[in-house]
Every structure is written in C-alpha cells, then in structure tokens.
Amino acid sequence: MSGFSFATRVIEEVDIQSRVVELGQAIARDYQNRDPLFIVMLLGSVPFAADLARAVDIPSEIDFMALHRFGESGRIGIAMDLTTPVLDRNVLIVEDIVDTGLTLTVLRRMMADRGAASVATAALFDKTARRVTEVPIEYRGFEVGDEYLVGYGLDWEGLYRNLRSIWAVLDIEAFVADPRILSTALRSP
Ligand code: IMP
C-alpha cells in the first residue's frame, strides 16, 4: 500500500488486471453460443469494459449508454441511448461500481422491458454496505468499503479516470479545495 495523507492506493494495477481476466473467462464459459451484447455505462465503465471485452474470447458486441440522475430526487433518465436493439439479446451490463444499486436496478428493468432474452451484470466494484435496493451482480470484481474511490474509470470531478490503479480518498476537503491534488502529487519526484 502506498500513498499520501489525502489518498491511498488500495488496489494495484496487476490485481485489477488479473481479476478482469478471471471475470472474462467466467463470462466466456457462461455465454458460449449466446453472443453477449455488452452494454457499457458511460463514462466510468470504459476502461473496465475495454479490458473485459478483450478477455471474453467468444463472439460479442459492444454498445454504450449514458444515464442522467436528476438532482436529489434520484430520478434516472437516459442521456444517451444504445444504437443496438436489445430484443432477444443476451445483455451484459458493464458497470464500474455499484453503490446504492438504484442505477443498476433501473437499467436492468429497462433492458427487460425492451425484451432482452437475458440480463446480467458485470460490476468491477461493489460497495455492498451502501446498498439501498437489492440487485443481483452476476460477475463481481471486488467488494470494497464505503470510501470514495478514484482511478480506472472512477472520477473526481472528471479527473483520474486514466489512473491504472485504484485510490481511496482519505481527505475529501483536500480534494474539494484542489481537485488536481492527486495528479500533482503523482507527478512530483
Ligand atoms: P448507484 O446508483 O448509487 O449504485 O451509483 C452508481 C454510480 O455512482 C457509479 O456508476 C458511479 O458513477 C458513482 N459512484 C459511486 N461510488 C463511487 C466512487 O467511489 N467513486 C466514483 N464514482 C462512484
């Protein structure tokens, strides 16, 4: 474990990579002859989805979707929709992290309503303790605590999605005061 007073590295790049390969192998086994349609949730799931899709060595397709959450109400709408029809497809939702579970619940229902043959989820991180609504996660990478995480797709104000490992924010106020604090620290000798 390495880090600074305001953030600490909690998952190393090699551990992410080997877990993603394991998930990919499990998916490839389960989806033989079922050509999964990966539905990648923008923006945070992009790095995970790129690695996962390449670890699934069977025929598959990829499409993207973005959801929008309206303020405090928690109401969820579509900011960008799929271009691929979901009817009769074996849909695999690719999520970066499941927190309350509300986003995933809405999404799974949406896919079922559109006539998917099956719906499953691959989520790299699961904040189980923060769940508000029970929702199945068929392929789960890591169970994590309730700290705010950045890296490998997860952001703070749009930053840090490009980090190869996962960092936990220890001092929220420091990130609020200077969102670039971690990149500055990582770049200094
Ligand atoms: P949920 O609907 O509460 O499950 O929200 C899931 C979404 O919240 C994820 O797709 C992320 O965009 C965001 N999120 C939750 N926890 C974190 C975190 O620790 N770091 C970055 N984003 C997070």
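Refer to the structure above for everything that follows.
About the thresholds
Residues numbered from 1 in each chain as written. Predicted model: local features only at pLDDT ≥ 70, side-chain atom pairs only at ≥ 80, totals over all residues. Heavy atoms only, no water. Core = buried A, V, L, I, M, F, W, Y, C linked by side-chain atoms within 4.5 Å. Buried < 20%, exposed > 50% of the residue type's maximum accessible area, 1.4 Å probe, protein only. Helix = DSSP H or I, 4+ residues; strand = E, 2+ residues; numbered from the N terminus. Contact = heavy atoms within 4.5 Å. Pairing = 2+ DSSP bridges. Axes fitted to C-alpha atoms, helices over the stretch in contact; angles between N-to-C directions. Phe/Tyr/Trp six-rings, centres within 6.5 Å; stacked < 30°, edge-to-face > 60°.

> If you had to explain the nonpolar core to someone new, which residues and values would you point to?
Counting 30 residues, the largest nonpolar core has Ile27, Phe48, Leu52, Leu124, Phe125, Tyr139 and Ile166 as its most contacted members. It is helix H1 (residues 13-30) that contributes the most residues to this core, 6 residues altogether. With residues near it in sequence (within four places) discarded, Ile27 still touches Leu52, Val56, Leu92, Ala122 and Tyr139. Membership of the second largest hydrophobic core comes to 18 residues, among which are Ile39, Val91, Val98 and Met111.

> For the sheet that holds strand S3 (residues 61-70), give the residues involved together with the corresponding values.
Read from one edge to the other, the open sheet built from 6 strands follows the order S4-S3-S2-S5-S6-S7, with strand pairing classed as mixed. Among the strands making up the open sheet, the edge pair consists of strand S4 (75-80) and strand S7 (139-143). The mean angle between the axes of side-by-side strands here comes to 30°, regardless of whether they run parallel or antiparallel. The strands that H1 touches are strand S5 (90-98), strand S6 (118-126) and S7; relative to S7, the one it contacts most, it runs at about 160°.

> Lay out the packing of aromatic side chains in plain terms, naming residues and giving numbers.
The tally for this structure, following the rule as stated, stands at 7 aromatic pairs. Measuring from ring centre to ring centre gives 5.8 Å for Phe4 and Trp167, while their planes differ by 10°; the resulting arrangement is stacked. With a gap of 163 residues between them, Phe4 in the segment before strand S1 (7-11) and Trp167 in strand S9 (residues 166-169) connect regions that are remote in the sequence. Among the residues examined, Phe4 registers a relative accessible area of 30% and is labelled partly exposed. A residue is classified by how much of its surface remains accessible, and Trp167, at 2% relative accessible area, is buried. Measuring from ring centre to ring centre gives 5.8 Å for Phe125 and Phe142, while their planes differ by 25°; the resulting arrangement is stacked. Here Phe142 lies in strand S7 and Phe125 lies in strand S6, a separation of 17 residues in the sequence. Taking the relative accessible area as the measure of exposure, Phe125 reaches 1% and is therefore buried.

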